[in-house]
2 protein chains.
Amino acid sequence: MLDNFRLHLEKFIPISDKDFEEIVPFFKIKTVHKKENLQTEGAICRLHFFVLEGCLRKFFINDKGVEQTTEFAIENWWITDNIAYEHGLPTCFYIQAVEKSQILIIDRENQEQLLEQFPKMERYFRFIYQRAYAASQMRIKYLYDFTKEEFYEQLCKKQPEFVQRIPQYLIASFLGFSPEYLSEIRKKKRS
Amino acid sequence: MLDNFRLHLEKFIPISDKDFEEIVPFFKIKTVHKKENLQTEGAICRLHFFVLEGCLRKFFINDKGVEQTTEFAIENWWITDNIAYEHGLPTCFYIQAVEKSQILIIDRENQEQLLEQFPKMERYFRFIYQRAYAASQMRIKYLYDFTKEEFYEQLCKKQPEFVQRIPQYLIASFLGFSPEYLSEIRKKKRS
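Treat the numbers as computed from the prediction; the structure is a model and nothing was measured.

Calculation notes
Residues numbered from 1 in each chain as written. Chains lettered and ligands numbered in written order. Predicted model: local features only at pLDDT ≥ 70, side-chain atom pairs only at ≥ 80, totals over all residues. Heavy atoms only, no water. Core = buried A, V, L, I, M, F, W, Y, C linked by side-chain atoms within 4.5 Å. Buried < 20%, exposed > 50% of the residue type's maximum accessible area, 1.4 Å probe, protein only. Contact = heavy atoms within 4.5 Å. Least-squares fit on C-alpha atoms with pLDDT ≥ 70 in both. Buried area = accessible area lost by both parts, 1.4 Å probe. Salt bridge = Lys/Arg side-chain N within 4 Å of Asp/Glu carboxyl O. Polar contact = N/O pair within 3.5 Å; in protein donor to acceptor, adjacent residues only side chain to side chain. Helix = DSSP H or I, 4+ residues; strand = E, 2+ residues; numbered from the N terminus. Nonpolar A, V, L, I, M, F, W, Y, C, P; charged D, E, K, R; others polar. Pairing = 2+ DSSP bridges. Axes fitted to C-alpha atoms, helices over the stretch in contact; angles between N-to-C directions.

1. Quick word on the nonpolar core
Next, step 1: By size, the foremost hydrophobic cluster in this structure holds 56 residues, and its most contacted members are Met121(A), Tyr124(A), Met121(B) and Tyr124(B).
Next, step 2: Setting aside residues no more than four positions away along its own chain, Met121(B) makes contact with Leu9(B), Ile13(B), Ile23(B), Leu114(B) and Leu115(B).
Next, step 3: Among the nonpolar cores identified, the runner-up in size contains 48 residues, and Ile140(A), Met138(B), Tyr152(B) and Leu175(B) belong to it.

2. What about the relation of the copies chain B and chain A?
Next, step 1: Mapping chain B onto chain A leaves a residual RMSD of 0.0 Å; the transformation is a rotation of 180° accompanied by 0.0 Å of translation along its axis. The superposition operator between the copies reduces to a two-fold rotation axis.
Next, step 2: Here 100% of the contact residues of chain B are again contact residues in chain A; the copies associate through an equivalent surface.

3. Things to note about the interface of chain B and chain A
Next, step 1: Chain B puts 38 residues into the contact, and the matching count from chain A is 38 residues.
Next, step 2: Carbon and sulfur atoms make up 61% of the area that chain B and chain A hide from each other, which totals about 3,800 Å².
Next, step 3: The largest share of the area that chain B buries against chain A comes from Arg126(B), Tyr133(B) and Tyr144(B), three residues that together contribute 20% of it.
Next, step 4: The interface formed by chain B and chain A holds ten salt bridges in total.
Next, step 5: Across the salt bridge formed by Arg126(B) and Glu112(A), the nearest N and O atoms sit 4.0 Å from each other.
Next, step 6: For the pair chain B and chain A, the interface holds 17 residue pairs in polar contact (both at pLDDT 80 or more).
Next, step 7: For the side of chain B that touches chain A, the secondary structure elements donating two or more residues are strand 4 (56-61), strand 5 (67-73), helix 3 (82-87), helix 4 (108-117) and helix 5 (120-145) of chain B.
Next, step 8: The residue inventory of the side of chain B that touches chain A, partitioned by class, reads 17 nonpolar, nine polar and twelve charged.

4. As for the sheet that holds strand 4 (residues 56-61) of chain A
Next, step 1: Sheet architecture is open: four strands sit in the order 2-7-4-5 (chain A), paired in antiparallel fashion. In this open sheet, the two strands that pair with only one neighbour each are strand 2 (37-39) and strand 5 (67-73) of chain A. Ignoring which end each strand starts from, the neighbouring axes of this sheet average 30° apart.
Next, step 2: Bridge count between strand 4 of chain A and strand 5 of chain A: six bridges; the pairing is antiparallel. Counted as the bridge partner of Phe59(A) is Thr69(A) from strand 5 of chain A.
Next, step 3: Contacts from helix 8 (residues 168-175) of chain A reach strand 4 and strand 5 of chain A, with the element oriented near 105° to strand 5 of chain A.
Next, step 4: The strands that helix 5 of chain B touches are strand 4 and strand 5 of chain A; relative to strand 5 of chain A, the one it contacts most, it runs at about 145°.

Here's what the structure looks like:
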């Protein structure tokens, strides 16, 4: 499983065997069960999660008591509440496993030490944040530009495997639909 | 003006006089006039802009022909279409000066060379993208959680100087209001 992490790092920076041996102990490996919470609203956000296998999601509970999913992380993605993580603040988000998952966990102090000891990891994380930022800028454009139905169409077209893999009620929560409404749209699409 | 850029860099990394002398030539300094376009839809996105003084905005033109502002950059902020910039693709955004502004411009090749020659700039840009990503994650939460009116309230409360500074029709374009509707809300607020 860790071989995949090494391959992922090597897409961005060269990693020797010795480097990798020294980098791995900065992380904890954990298996999380489906629906297990890794972070809950109100807790200080100290952890950054990397998905080796499986899928996590981030959500908040809105005024009506409904779970609103804002983000998914599948293989080779990082996820946390970045503002709360950087400043050691309480988070307003939950992070939960969508499927049984294998993840790496690092805390802020260890991430800082890792960056100090391996300055090339600055380059790695620069790429990670740059791409995540670019993706969220595009997401913001879609939120302005597309109706929820168009956003769903786009998702089906661009990431069909993702739409197949994620339970429909979570896709609905991500799109801000009720599950019933999503089901109606899917019926319409098929007919 | 460049002293402010140095002070800004020094918030993230130590910069010697010699470093700074060598870093500055990677950038062009430019004065842009109010409403001058720095980037237009359809053009290959090659440039990354840093605001020394003034304000830029990013917008796209939607199906109805209306300008939809998705982002502002004031002093010490970077702005570009990050996906298009990283991959050298045509952009779907305009970038325009809101006020007469003084900016630094770097292109992708120069930014890559800067990072190679000054690896500590990896740390600087890691911070820049990390914070920009964190801010855009919070923005996405607001887009899900707040009505447009609540988002405006929030903006007035958290960034009153910004709301004062930016022309109201652009605040309206950012919020997805018509200028008339924003004017109504402001009247209601005052009464």
